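What the coordinates show
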Amino acid sequence: MDMIGLPLQITRNGFKRDDDINSAITSFLRLLLTNSVGGCVSDMDFGFLFNNLAFRNFNENDGVVIGEVGDLGKKISGSSRNLNTFASELKEAVCRYETRLEDVSVTMTYSRKERKIFVTIGGKVSVTGEPYKYETIIKVWN
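Residues numbered from 1 in each chain as written. Predicted model: local features only at pLDDT ≥ 70, side-chain atom pairs only at ≥ 80, totals over all residues. Heavy atoms only, no water.

**What about the nonpolar core?**
Counting residues in hydrophobic clusters, the biggest one holds 30 residues, and the most contacted among them are L29, I76, L90, V94, M108, I117 and I121. Where this core is concerned, the elements lending two or more residues are α1 (21–34), α2 (86–97), β9 (101–111), β10 (116–125) and β11 (131–139). In this structure L29 touches V94, E98, L101, I121, Y132 and Y134, once residues within four positions along its chain are discounted. (Core = buried A, V, L, I, M, F, W, Y, C linked by side-chain atoms within 4.5 Å. Buried < 20%, exposed > 50% of the residue type's maximum accessible area, 1.4 Å probe, protein only. Helix = DSSP H or I, 4+ residues; strand = E, 2+ residues; numbered from the N terminus. Contact = heavy atoms within 4.5 Å.)

**Some remarks on the sheet that holds strand β5 (residues 58–59)**
As summarised here, the arrangement of the three strands in space is β5-β6-β7, forming an open sheet in which the pairing is antiparallel. Where the open sheet ends on each side, the last strands, each with one partner, are β5 and β7 (74–75). Bridge count between β5 and strand β6 (residues 64–65): two bridges; the pairing is antiparallel. Considered in β6, the bridge of F58 is made with V65. (Pairing = 2+ DSSP bridges.)

**Overview of α2**
In this model, α2 (12 residues) spans 17 Å end to end at C-alpha, consistent with the 16 Å of a helix rising 1.5 Å per residue. Taken residue by residue, α2 has F86, A87, S88, L90, A93, V94 and Y97 as its buried positions. The elements touched by buried residues of α2 are α1, β6, β7, β8 (78–79), β9 and β10. (Expected span 1.5 Å × (residues − 1).)

**Comments concerning the packing of aromatic side chains**
Two measures describe an aromatic ring pair: the distance that separates the ring centres and the angle between the ring planes. Following the criterion strictly, the structure yields two aromatic pairs and no others. When the ring of F28 is compared with that of F46, the centres are 5.8 Å apart and the planes differ by 65 degrees; the resulting orientation is edge-to-face. Residue F28 is found in helix α1, and its partner F46 is found in the loop between α1 and β5; the two are separated by 18 residues along the sequence. With respect to burial, F28 and F46 carry one shared label: buried. The rings of F28, F46 and Y97 are connected pair by pair, giving a single aromatic cluster. (Phe/Tyr/Trp six-rings, centres within 6.5 Å; stacked < 30°, edge-to-face > 60°.)

**A look at the packing of α1 against α2**
Axis angle and axis distance: for two packed helices, these are the angle between their axes and the distance between the axes, and together they describe the pair. Interaxial distance between α1 and α2 falls to 11 Å at its minimum, and their mutual angle equals 130 degrees. With respect to α2, the axis of α1 lies oblique. As α1 runs across α2, the sense of the crossing is right-handed. Residue-level inspection shows F28, L29, L32 and L33 of α1 in contact with α2, the latter providing L90, A93, V94 and Y97. By residue class, the composition of the contact of α1 with α2 is eight nonpolar, no polar and no charged. (Axes fitted to C-alpha atoms, helices over the stretch in contact; angles between N-to-C directions. Parallel < 35°, antiparallel > 145°, perpendicular 65-115°, else oblique. Left-handed = near helix turned anticlockwise from the far one by under 90°. Nonpolar A, V, L, I, M, F, W, Y, C, P; charged D, E, K, R; others polar.)

Structure (structure tokens):
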């Protein structure tokens with residue numbers, strides 16, 4: 001399967017292509033995770049909401065980002081099956097923009113001691129039926 005590679009690179013023959021679907025999905029998920037919502041002019045909903053937050057309203061003991069007045073906030077640690085977690089927000093974005101994945105699940109685990117968030121995105125590649133897993137670490141509060 002021939003797909004345009006990400007990040008975009010222009011070669012003598014046009015855009016660089018990628019034959020490995022897992023590599024293409026990984027590149028796209030990295031792009032989705034690192035973009036703030038509203039940062040893409042052609043689609044203002046593209047990106048991950050987590051990147052838009054100022055953590056001045058962060059309860060480090062509970063691992064919760066406090067929202068509006070009266071809002072209990074969203075938990076950093078959790079799975080996409082739970083409401084009020086950033087994992088459920090990320091799952092929504094992945095399902096909307098990365099249609100090559102089915103049965104998507106997301107987990108995010110905040111390590112207070114390490115000041116890192118461990119992110120895992122799992123699913124099934126729609127065209128091959130093979131399992132897919134992407135793992136990354138978000139470093140926070142240097």
